[in-house]
Amino acid sequence: NAGVMQNPRHLVRRRGQEARLRCSPMKGHSHVYWYRQLPEEGLKFMVYLQKENIIDESGMPKERFSAEFPKEGPSILRIQQVVRGDSAAYFCASSPWTGGNIQYFGAGTRLSVL
Amino acid sequence: AQKVTQAQTEISVVEKEDVTLDCVYETRDTTYYLFWYKQPPSGELVFLIRRNSFDEQNEISGRYSWNFQKSTSSFNFTITASQVVDSAVYFCALSEARGNEKLTFGTGTRLTIIP
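Parameters at a glance
- Residues numbered from 1 in each chain as written.
- Chains lettered and ligands numbered in written order.
- Predicted model: local features only at pLDDT ≥ 70, side-chain atom pairs only at ≥ 80, totals over all residues.
- Heavy atoms only, no water.
- Pairing = 2+ DSSP bridges.
- Helix = DSSP H or I, 4+ residues; strand = E, 2+ residues; numbered from the N terminus.
- Axes fitted to C-alpha atoms, helices over the stretch in contact; angles between N-to-C directions.
- Contact = heavy atoms within 4.5 Å.
- Buried < 20%, exposed > 50% of the residue type's maximum accessible area, 1.4 Å probe, protein only.
- Buried area = accessible area lost by both parts, 1.4 Å probe.
- Salt bridge = Lys/Arg side-chain N within 4 Å of Asp/Glu carboxyl O.
- Phe/Tyr/Trp six-rings, centres within 6.5 Å; stacked < 30°, edge-to-face > 60°.
- Polar contact = N/O pair within 3.5 Å; in protein donor to acceptor, adjacent residues only side chain to side chain.

Colleague: Sorry, what's going on with the sheet that holds strand β7 (residues 65-68) of chain A here?
Modeller: In sheet architecture, strand pairing relies on hydrogen bonds along the backbone and comes in two forms, parallel and antiparallel. Residues and elements named next belong to chain A. Taken in spatial order, the 4 strands line up as β1-β3-β8-β7 in an open sheet, and their pairing is antiparallel. Of all strands in the sheet, those with a lone pairing partner are β1 (5-7) and β7, marking the two edges. Across the sheet, the mean angle separating the axes of adjacent strands is 15° when strand polarity is ignored. By the bridge criterion, 5 bridges tie strand β3 (residues 19-24) to strand β8 (residues 75-79) in an arrangement that is antiparallel. What sits directly across from Leu21, in β8, is Leu77.

Colleague: Honestly, the environment of Glu52 of chain A in this entry has me stumped. Any pointers?
Modeller: Residue and element names in this part refer to chain A. Its place among the elements puts Glu52 in the loop between β5 (43-50) and β6 (53-56). When the C-alpha atoms of Glu52 and Ala67 are compared, they prove to be 10 Å apart, with 15 residues separating the residues in sequence. For Glu52, the contacting residues outside a window of four places in its chain are Phe69, Pro70 and Lys71.

Colleague: Please clarify how the pairing of strand β9 (residues 74-79) of chain B should be interpreted in this entry.
Modeller: Side-chain positions along a regular strand alternate between the two faces of the sheet. Residues and elements named next belong to chain B. Most of β9 sits out of view: 5 of its 6 residues are buried. The pairing of strand β3 (residues 19-21) with β9 spans 3 bridges and is antiparallel. Of the residues in β9, the one forming a bridge with Val19 is Ile79. Across 6 bridges, the pairing between strand β8 (residues 64-69) and β9 is antiparallel. Paired with Ser65 across the bridge in β9 is Thr78. Connecting β8 to the next strand, β9, in antiparallel fashion are 4 residues, including Ser73 with a positive phi near 50°.

Colleague: When you look at the interface of chain B and chain A in this model, what are you seeing that I'm missing?
Modeller: Accessible area lost on assembly of the parts is the figure often given for the size of an interface. Taken together, the 20 residues of chain B in the interface contact 23 residues of chain A. Here chain B packs against chain A, burying approximately 1,700 Å² in sum over the two surfaces, 53% of which is carbon and sulfur. Measuring nitrogen to oxygen at the nearest pair gives 2.9 Å for the salt bridge that ties Asp56 of chain A to Lys102 of chain B. Contributions of two or more residues to the side of chain B that touches chain A are made by β5 (32-39) and β6 (46-52) of chain B. Per-element accounting of the side of chain B that touches chain A gives the leading share, 4 residues, to β5 of chain B.

Colleague: Explain the packing of aromatic side chains to me, please; I cannot follow it from the model alone.
Modeller: Two numbers describe a pair of aromatic rings. These are the distance of the centres and the angle of the planes. Considering all chains together, one arrives at 20 aromatic pairs over all chains under this definition. On the numbers, 5.7 Å between centres and 85° between planes, the contact of Tyr35 of chain A with Phe105 of chain B is edge-to-face. Of this pair, Tyr35 of chain A sits in strand β4 (residues 31-37) while Phe105 of chain B sits in strand β11 (residues 104-105), placing the two residues on different chains. Judged by relative accessible area, Phe105 of chain B falls into the buried class, the value being 8%. Taken together through their ring pairs, the aromatic side chains of Tyr33, Tyr35, Phe45, Tyr48, Tyr104 and Phe105 of chain A together with Phe35, Tyr37, Phe47, Phe91 and Phe105 of chain B make up a single cluster.

Colleague: I tried to follow the side chain of His29 of chain A on my own but got confused; where do I start?
Modeller: Residue and element names in this part refer to chain A. If you trace the backbone, His29 turns up in the loop between β3 and β4. One polar contact links His29 to Ser94, side chain to side chain, over a distance of 2.7 Å. At a separation of 3.4 Å, a polar atom in the side chain of His29 contacts the main-chain amide nitrogen of Ser95. His29 has contacts with Ser94, Ser95, Pro96 and Tyr104, leaving out every residue within four places of it along the chain.

Written out as structure tokens, the structure reads:
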């Protein structure tokens, strides 16, 4: 059973470009969470999605950031017009259901904005 | 609002010593879950343990043990006979048990084991 797959592992963008981060949850998992880790800091919740639904996006910046988890295919975190402050590691986690379930994390995508 | 505090930013110990990582949490919920994750130098997050707020039994897994004390809102992690491979950043995290179980993380403790 493959783990949570994130790609790309490293992404370099220039200011103003778009970044698309992909996350394929573990097989059978329908809950996806995105977190951001700034350098030397802990992880901060961004958004929680179930298939075709955004459940909680309270941690997402109001502008430039969006997320989706379509019926088919991976979850996508999209950052438009990136700025230097977006440079961080973005982690995706999945779980099969709620009820204290363990969230299994992908290896993360390291975004560098030049 | 939930909060997790890991007051120890960095710890260094000599190999084979025991080390305890502290975690203190705040929540208004009566039902919640506590977690520990390990982030080795390679960067991924590795799940170590989950604890239900109703279960205050301590747990031991090999060289790892966890002490959950509801009275002091603490969930401390002890590594016995530390090894170089234990060098990593360790995160304590909390989630509520209400359907949306987003994790609130502490800022992490960087543990360095000196050979």
